[in-house]
Amino acid sequence: FDTLEISGLVLHLQRDPDARWGLSSLGTKHSASDNTPASWPAWMGMARRVVLRQSELHITDQISGLDLSIHALDALFEQATHAEGKPEQRFALKMQLPESLGGSVEMRARLQGTLSDLKRPSGELWLNTPQLTLPGWRALFAGLPNGDLALPVALSDLPQLKTGELTGQTWLSLQHLSLIH
């Protein structure tokens, strides 16, 4: 089928003390260590376009202690074909983050290749941040164990932000996970 549209979905992404990630909702549970296609309902991978409206994402990490809830999540995931006939993935996210992180954020991406190519994406990413709270993000990143966040510089090398907000829009170009503009 062409489009799957879901309203009011509540997703729970959890990492247990053994560092295994699991996603649950829709009456299913998927673990990152379970690579069998049967672990997801077959119909979920058949849609060319998946739309989530007014959904929620709850992230709980038993290793870092992270407990994050994202509300008013609207998302579009689309498998498409580029003008030259090559496959591409399109994503659009609009979400309400906790106030400690700055509230509303919107992101869009157009990435080349199939879903399996997204480990090292190439394409364009647009980010709209009406009011990100920088100290909140720093605290969030600092709480993650080493190796969980692939930043191009060490967190200790970044400015020690005690106050401040980031507002604006930007287009970024990626080539195999590297920022090129």
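Here the structure is a predicted model, which is why all the values come from computation and not from measurement.

A. Local environment of the overall build of the chain. Along its length, the chain carries one helix and 11 strands. Starting at the N terminus, the α and β elements of the chain follow one another as β-β-β-β-β-β-β-β-β-α-β-β. Looking at the chain alone, contacts between residues at least 24 apart form 50% of all its contacts between residues at least 6 apart. For the chain, the computed accessible surface area is about 11300 Å², with 57% contributed by carbon and sulfur atoms.

B. Just the packing of aromatic side chains, in detail. If you walk through the whole model with that rule in mind, you get one aromatic pair. Ring geometry for F77 versus F91: centroids 5.8 Å apart, planes at 75 degrees, classification edge-to-face. Placement of F77 in strand β6 (residues 67–81) and of F91 in strand β7 (residues 87–96) is noted, with a sequence separation of 14 residues between them.

C. Quick look at the nonpolar core. In this structure, L57, L68, I70, M95 and L97 are the most contacted members of the largest nonpolar core, which totals 21 residues. Looking at this core, the elements with two or more residues in it are β1 (3–7), β5 (49–61), β6 and β7. Those residues in contact with L97 that sit more than four places away from it in its chain are I70, G103, V105, L132 and W137.

D. Expanded view of the pairing of strand β9 (residues 123–133). Taken together, the six bridges between strand β8 (residues 104–112) and β9 define a ladder with antiparallel strand orientation. Bridge assignment links M107 to a residue of β9, and that residue is L127. Pairing analysis gives nine bridges linking β9 to strand β10 (residues 165–175), with the strands arranged antiparallel. When the sheet's bridge partners are listed, G123 is paired in β10 with L174.

E. Highlighting the pairing of β6. Pairing geometry for β5 and β6, over nine bridges, is antiparallel. When the sheet's bridge partners are listed, L52 is paired in β6 with A75. As defined by bridge partners, β6 adjoins β7 across nine bridges and the pair is classed as antiparallel. When the bridges of β7 are listed, H71 appears paired with Q96.

F. Fine view of the environment of L13. Inspection of the secondary structure puts L13 in strand β2 (residues 10–15). The class for L13 is partly exposed, based on a relative accessible area of 26%. With 47 residues separating them along the chain, L13 and T60 place their C-alpha atoms 6.4 Å apart. For L13, the contacting residues outside a window of four places in its chain are W21, G22, L23, L57, H58, I59 and T60.

G. Representation of the pattern of salt bridges within the structure. Per the stated rule, a full pass over the model turns up 11 salt bridges. For R53, the salt bridge identified is with E5, shortest N-O distance 2.7 Å. One end of the pair, R53, is in strand β5; the other, E5, is in strand β1, with 48 residues separating them in the sequence. With a shortest N-O distance of 3.9 Å, E78 and R90 are connected by a salt bridge.

Analysis parameters
- Residues numbered from 1 in each chain as written.
- Predicted model: local features only at pLDDT ≥ 70, side-chain atom pairs only at ≥ 80, totals over all residues.
- Heavy atoms only, no water.
- Helix = DSSP H or I, 4+ residues; strand = E, 2+ residues; numbered from the N terminus.
- Contact = heavy atoms within 4.5 Å.
- Areas by Shrake-Rupley, 256 points an atom, 1.4 Å probe, with all protein chains shown as cover.
- Phe/Tyr/Trp six-rings, centres within 6.5 Å; stacked < 30°, edge-to-face > 60°.
- Core = buried A, V, L, I, M, F, W, Y, C linked by side-chain atoms within 4.5 Å.
- Buried < 20%, exposed > 50% of the residue type's maximum accessible area, 1.4 Å probe, protein only.
- Pairing = 2+ DSSP bridges.
- Salt bridge = Lys/Arg side-chain N within 4 Å of Asp/Glu carboxyl O.

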